[in-house]
Amino acid sequence: MTKPVVLIAEELSPATIDALGPDFEIRTIDGSDRSQLLPALADVDAVLIRSATQMDAEAIAAAKNLKVIARAGVGLDNVDVPAATQAGVMVVNAPTSNITSAAELAVGLLLATARNIAPANQALKAGAWKRSKYGGVELLDKKVGVVGFGRIGQLVAERLKGFGMEILAYDPYVSAAKAGQLGARLVSLDELLAESDFITVHLPKSPETLGLLGKEAFAKVKPSVRIINAARGGIVDEQALADALRDGLVAGAGIDVFAIEPTTESPLFEFESVVVTPHLGASTDEAQEKAGVAVAKSVRLALGGDLVPDAVNVAGGVVAEEVRPGIDLVEKLGRIFTGVAGSVPVQLDIDVRGEITEHDVSVWELAALKGVFTDVTEDAVTYVNAPLLAKERGCEVRLLTDAVSEEFRNVTTLRGTLAEGTTVSVAGTLTGPKMVQKLIGVNGFDLEVAISDHMAFFSYTDRPGVVGVIGALLGAADVNIGGMQVARDDAAGTALVALTVDNKIPADVVAAIASELSADVRVVDLVE
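To keep things clear, this report deals only with the structure shown in the data block. (Residues numbered from 1 in each chain as written. Predicted model: local features only at pLDDT ≥ 70, side-chain atom pairs only at ≥ 80, totals over all residues. Heavy atoms only, no water.)

To continue, consider the overall build of the protein chain. On a plain count of helices and strands, the protein chain comes out with 17 helices and 22 strands. Its C-alpha atoms give the protein chain a radius of gyration of 30 Å, clearly above 24 Å, the size a compact globule of 528 residues would have. Its C-alpha atoms give the protein chain principal-axis dimensions of about 105 × 50 × 40 Å. At a minimum sequence separation of 6, the contacts of the protein chain that also span at least 24 residues come to 62%. As displayed, the protein chain offers around 24,600 Å² of accessible surface, 51% of which is attributable to carbon and sulfur atoms. Taking the average location of the 45 positive side-chain charges in the protein chain and that of its 71 negative ones, the two points are 7 Å from each other. (Helix = DSSP H or I, 4+ residues; strand = E, 2+ residues; numbered from the N terminus. Rg over C-alpha atoms; globule rule 2.2 N^0.38 Å. Contact = heavy atoms within 4.5 Å. Areas by Shrake-Rupley, 256 points an atom, 1.4 Å probe, with all protein chains shown as cover. Lys, Arg positive; Asp, Glu negative; His and termini not counted. Charge placed at Lys NZ, Arg CZ, Asp CG, Glu CD.)

All right, on to the pattern of salt bridges then. Under the counting rule described, the total for this entry stands at 26 salt bridges. Of the charged contacts, one joins Glu-195 and Lys-143 as a salt bridge, the two residues approaching to 3.1 Å between their closest N and O atoms. Linking Glu-195 in helix α9 (residues 189-195) with Lys-143 in strand β6 (residues 143-147), this pair joins segments that are 52 residues apart in sequence. We classify Lys-143 as partly exposed; its relative accessible area is 22%. Taken together, the shared-partner salt bridges connect Lys-143, Glu-166, Arg-185 and Glu-195 into one network. (Salt bridge = Lys/Arg side-chain N within 4 Å of Asp/Glu carboxyl O. Buried < 20%, exposed > 50% of the residue type's maximum accessible area, 1.4 Å probe, protein only.)

Think of two packed helices as two axes; the pair is described by the angle between the axes and how far apart they sit. Look at helix α16 (residues 466-476) against helix α17 (residues 507-517): their axes get within 10 Å of each other, and the N-to-C directions meet at 155°. Looking at the two axes, α16 sits roughly antiparallel to α17. For the pair α16 and α17, the sense of crossing is right-handed. Across the interface between the two elements, Val-466, Val-469, Ile-470, Leu-473 and Leu-474 from α16 touch Val-509, Ala-512, Ile-513, Glu-516 and Leu-517 from α17. Here the contact of α16 with α17 is built from residues that sort into nine nonpolar, no polar and one charged. (Axes fitted to C-alpha atoms, helices over the stretch in contact; angles between N-to-C directions. Parallel < 35°, antiparallel > 145°, perpendicular 65-115°, else oblique. Left-handed = near helix turned anticlockwise from the far one by under 90°. Nonpolar A, V, L, I, M, F, W, Y, C, P; charged D, E, K, R; others polar.)

With that out of the way, let us pick up α16. Among the residues making up α16, those that are buried are Val-466, Ile-470 and Leu-474. Viewed end-on, α16 has its buried residues packed into an arc of 60°, placing them on one side of the element. Those residues of α16 that are exposed and angled more than 90 degrees off the buried face are Ala-472 and Ala-476. Looking at the buried positions of α16, the neighbouring elements they touch are β19 (454-461), β20 (481-488), β21 (494-501) and α17. Two residues or fewer past α16, Asp-478 is found with a positive phi of approximately 60°. (Arc of directions from axis to C-beta.)

Moving on to the sheet that holds strand β13 (residues 347-354). Here six strands make up an open sheet; going across it, the order is β14-β13-β15-β16-β17-β18 and the pairing mixed. Each edge of the open sheet is held by one strand with a lone partner, namely β14 (396-402) and β18 (445-450). Taking each pair of neighbouring strands and ignoring which way they run, the sheet shows an average axis angle of 20°. Where helix α13 (residues 324-341) meets the sheet, its contacts fall on β13, β15 (410-417), β16 (423-431) and β17 (436-442), and the angle it forms with β16 comes to roughly 150°. (Pairing = 2+ DSSP bridges.)

Counting 69 residues, the largest nonpolar core has Met-90, Ile-336, Trp-364, Val-426, Leu-439 and Phe-457 as its most contacted members. When near neighbours in sequence (up to four residues on either side) are disregarded, Phe-457 contacts Ile-336, Val-340, Leu-439, Val-442, Leu-496, Val-497, Ala-498, Asp-520, Val-521, Arg-522 and Val-524. (Core = buried A, V, L, I, M, F, W, Y, C linked by side-chain atoms within 4.5 Å.)

Right, let's get into the packing of α13 against helix α14 (residues 363-374). Two elements in contact, α13 and α14, have axes whose closest approach is 7 Å; the angle formed by their N-to-C orientations is 35°. At the point where α13 passes α14, the crossing takes the right-handed sense. Residues Gly-326, Ile-327, Val-330, Glu-331, Gly-334, Arg-335, Phe-337 and Thr-338 of α13 lie in contact with α14, whose contacting residues are Val-363, Trp-364, Ala-367, Ala-368, Lys-370, Gly-371, Val-372 and Thr-374. Its residues assigned to classes, the contact of α13 with α14 comprises eight nonpolar, five polar and three charged.

Scope: geometric values only; no functional claims are made or implied.
What follows is the structure in structure tokens.
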């Protein structure tokens, strides 16, 4: 059996390869070289990158089999996420891999600029003992303004509290109570600018944060303030900061990130009071290993058909263990729905009932859509592009939950309205300690049939002899029946036969049964 191909486009830790395991064919290239990258992507299932490989729309289009792009780090500036989503490619990163390293570097830059460590080091190595020139300031009792109080900002605050600093925090998405629990005082940006002795930035780069600390901000700060940016280049306006340093509005800075990278030129480089590093926030052995291992695990999950908690373009997030067994069931219900309906609905409800609703079952919506569209499009359908396919085809989707399920512990029903107004429904559940997947309803008929790779549904006017005709025609075609159940709405009314068979029913046999019984026949093959 051919192994999935994983392309490692940049140098990653040996632990990354170990975490992938033996189930993949591993290839390596220099992803920064487009002449190598584009042809190498042709038949790969996954690509692992860091920051030098550009996975843009052109690269994604070149990778016809690609299922996942894994960025061994936090930022995704070099990945065209919308293009990946449109192509059904999952994008994953390692959002927590470098948070400790980044926080520690920010603290290091803050200490270095407070005590003039870099220029004093350079002067002494050049033969000059300038003890009086490079005096600094203590951190004790100083105020540090943390701009962006997420995971890294909180780690920085935690560490700086150990120096006896007062923590001010600005973050529109954090409550005052939450900040207070972490020993910080939540303030407005203007308050933070006016009061802080040090300002450290920990925000993502976005149109809203670009240039946030610029000319206007530096007009509001103390002249003794020192600015730290170990987050993303461009959040601090480098030219505005240089002007503020030159005009005496700012005392110093510690900068790890720049608007254009790599760079060897910046207006900040002329100032002794500025400590600069070449984007070293994640450059520790520990962070690199954590990032590689994290994305390797995500690749294993993604290529195994599972949802990935660190996927940035898939809704659903972390899936509870109790919810996971239902994912495959609901996907199969989606395929059965399409087989029974014969078309895509304009409205689809995923109705989940029972104690499972104590957990977040939003992932089942994705599973249902993946199943509904798997057999109606030539393109690969994934958890990533299934919602896009629904939107493109005018299918409105709702997830409904109810804690009460009358007959089974949990029941999931897919109920859809077709374009002509017809309603189609299929329902399923998991039963017993082995979590057997069962179909328990089709279009209002009550059933209890184990879901099989090959199933067929015959709807007809109830009368004697029908089961015998079905059995005879299938037997003559050497199709063995694994299970059968007959349901009907009332005597001499409409009846439904649900069959599971051992192999695919030939098209001519399906046509013969439909003709012989004047029946509506729907066949569902979950495997070819």
